[in-house]
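# Residue-level structural notes
Okay, here's what each chain looks like letter by letter:
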Amino acid sequence: DVAQTRFECALALNPRYLSAAAWLGDLHYRAGRLHEAIAIYETASQGSPEGGRLQQRLDDWRRELELQTRFREAHTDHFTALFESSTDEPLAREIVDRLEAAYSRIGSALGVYPSQPITVVLYTREQYNDITKLADWSAAAYDGRIRVPLAGVRERPEALDRMLSHELVHAVVAMVGGRAVPAWVNEGLATVLESADAGEMDVTPARGRVQPALSSLHGTFVGFSRQDAEVAYASSARAVRRLIEQCGTAAVVALLEDLSRGAPFASAFHHRLAMRYEDFAARVARD
């Protein structure tokens, strides 16, 4: 809310301020306000000589909006599922019910519950690939909305639960920590909390694969190959599990809260977890 107000003030002072328009449009998009995001980008693309830089994103958003105008909705207290075909309605209602169960379990584990309803968009695989432009190994995504390709989920209910829980944890991390959370913390926490018996999950990287340093896992995994992504997720989960075992989930949540307030990661880590980040990363590398 603070960021939105500041971007709006910046644009009121200078409507041609392209950076403020780009950030404000992205903020609206990540909050699920697609109409508002498109309106901001349309105004900026027409009012700034460099507005053409926004055109590709604007075209993508328009295609997404056109697709979603055909979608139906299913609601629970904390989730809204968007789906295209009436034949998908039973599955859509099952998905939001499963998310409600995950909401209670993950909220209890972290002591944090999302305060705003979360939108879940259900796609064909082709639609998912077109909208998200993620690698073919991507099973689902969260970017302000949970995005799920429906292909194959009916036949694998346990995998569906893990996938939905994983993306819901991303929603909680985004709410608590904002955008400054390193990918290994975000993905590791989501992997560890995928299921109620996550303590028994095998998150050991496959034999023969070199475990990456945590410092190399701060950025997104999006550009990784399938094999590199598998190692990155497993390494992240092992590191986060060690943090939870040593310090508890409350300390990890406090770390996220510090990051949302702008604290540098290394200093927030030291403050909340009572150890230097460099020492922890070296210990994880030796395990």
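Computed from a predicted model, the values in this text were never measured in an experiment.

With that out of the way, let us pick up helix H4 (residues 55–68). In a regular helix each residue adds 1.5 Å, so 14 residues correspond to 20 Å; H4 covers 20 Å between its end C-alpha atoms and thus fits that length. Among the residues of H4, those classed as buried are Leu-58, Asp-60, Trp-61, Glu-64, Leu-65, Leu-67 and Gln-68. Among the structural elements, helix H2 (18–30), helix H3 (34–47), strand E2 (79–83), strand E3 (118–123), helix H6 (125–132) and strand E5 (146–149) are those in contact with the buried residues of H4.

This next bit is on the side chain of Glu-187. With respect to the helices and strands, the residue Glu-187 is situated in helix H8 (residues 183–192). Despite its burial, Glu-187 pairs with no opposite charge; the closest candidate is Arg-30, at 11 Å N-O. Once residues lying within four places of it in the same chain are set aside, the contact partners of Glu-187 are His-166, His-170, Phe-221 and Tyr-233.

Our next topic: the pairing of strand E1 (residues 72–75). Remark: a regular strand shows side chains that alternate across the two faces of the sheet. Two strands pair when backbone bridges link them, and E1 and E2 are joined in this way by four bridges, in the antiparallel orientation. Its bridge partner being in E2, Ala-74 is matched across the sheet by Ala-81. Linking E1 back to E2 in an antiparallel pair, the connection comprises three residues.

This model, assessed by the stated rule, comprises 17 aromatic pairs. With 4.9 Å between their ring centres and 85° between their planes, Phe-265 and Tyr-277 make a pair best called edge-to-face. Placement of the pair is Phe-265 in helix H11 (residues 265–273) and Tyr-277 in helix H12 (residues 277–286), with a sequence separation of twelve residues. Comparing Phe-265 with Tyr-277, the two get one shared label, buried. One aromatic cluster in this structure is built from Trp-184, Phe-265, Phe-269, Tyr-277 and Phe-280. Directly above the aromatic system of Tyr-29 lies the positively charged group of Arg-57, at a separation of 5.4 Å from the ring centroid.

It is worth spelling out the confidence of the model for the protein at this point. This prediction gives the protein a mean pLDDT of 92; 95% of its residues lie at or above 70. Put simply, H3 is where the protein has its lowest mean pLDDT, 91, and H8 is where it has its highest, 98.

Moving on, we come to the sheet that holds E5. Strands sit in the order E1-E2-E3-E5-E4 across an open sheet of five strands; the sheet is mixed. The sheet terminates laterally at E1 and strand E4 (141–142), the two strands that pair on one side only. Where E4 meets E5, two bridges bridge the pair, whose relative direction is antiparallel. Within the sheet, the bridge partner assigned to Ala-141 lies in E5 and is Arg-147. Across the face of the sheet, H4 comes into contact with E2, E3 and E5 while running at roughly 85° to E3.

In this structure, Lys-133 is a non-glycine residue whose phi angle is positive, near 55°. Within the fold, Lys-133 resides in the loop between H6 and E4. A relative accessible area of 48% means that Lys-133 is categorised as partly exposed. In this model, Ala-274 sits at a positive phi of 55°, which is unusual for a non-glycine residue. Here Ala-274 is to be found in the loop between H11 and H12. You can call Ala-274 exposed: its relative accessible area is 67%.

What follows is about the pattern of salt bridges. Counted under the stated rule, the structure contains 21 salt bridges. Across the salt bridge formed by Glu-64 and Arg-147, the nearest N and O atoms sit 2.8 Å from each other. Within this pair, whereas Glu-64 is found in helix H4, its partner Arg-147 is found in strand E5, the two being separated by 83 residues in sequence. When sorted by exposure, Glu-64 lands in the same class as Arg-147, which is buried. Put simply, Asp-287 and Arg-242 hold a salt bridge, and the shortest N to O gap is 2.4 Å. Note that Asp-287 is positioned in the segment after H12 and Arg-242 in helix H9 (residues 226–247), a separation of 45 residues in sequence. Since its relative accessible area comes to 21%, Arg-242 is described here as partly exposed.

Let us now look at the layout of surface pockets. One number sums up the size of the second largest pocket: a volume of about 210 Å³. The set of elements that each furnish at least two residues to the lining of the second largest pocket consists of H3, H4 and E2. In terms of residue class, the lining of the second largest pocket is made up of four nonpolar, six polar and four charged.

Attention now goes to the environment of Ala-102. Along the chain, Ala-102 turns up in helix H5 (residues 89–110). Once residues within four sequence positions are removed from consideration, Ala-102 is found in contact with Gly-107, Ser-165 and Leu-168.

Basis of the calculations
Residues numbered from 1 in each chain as written. Predicted model: local features only at pLDDT ≥ 70, side-chain atom pairs only at ≥ 80, totals over all residues. Heavy atoms only, no water. Helix = DSSP H or I, 4+ residues; strand = E, 2+ residues; numbered from the N terminus. Expected span 1.5 Å × (residues − 1). Buried < 20%, exposed > 50% of the residue type's maximum accessible area, 1.4 Å probe, protein only. Contact = heavy atoms within 4.5 Å. Lys, Arg positive; Asp, Glu negative; His and termini not counted. Salt bridge = Lys/Arg side-chain N within 4 Å of Asp/Glu carboxyl O. Pairing = 2+ DSSP bridges. Phe/Tyr/Trp six-rings, centres within 6.5 Å; stacked < 30°, edge-to-face > 60°. Lys NZ or Arg CZ within 6 Å of the ring centre and 35° of its normal. pLDDT = per-residue confidence, 0-100. Axes fitted to C-alpha atoms, helices over the stretch in contact; angles between N-to-C directions. 1 Å grid on protein atoms, 1.4 Å probe; cavity = no way out; pocket = protein on both sides within 12 Å on 5 of 7 lines; lining within 4 Å. Points joined across faces, edges and corners; volume = space filled by probe spheres on them. Nonpolar A, V, L, I, M, F, W, Y, C, P; charged D, E, K, R; others polar.

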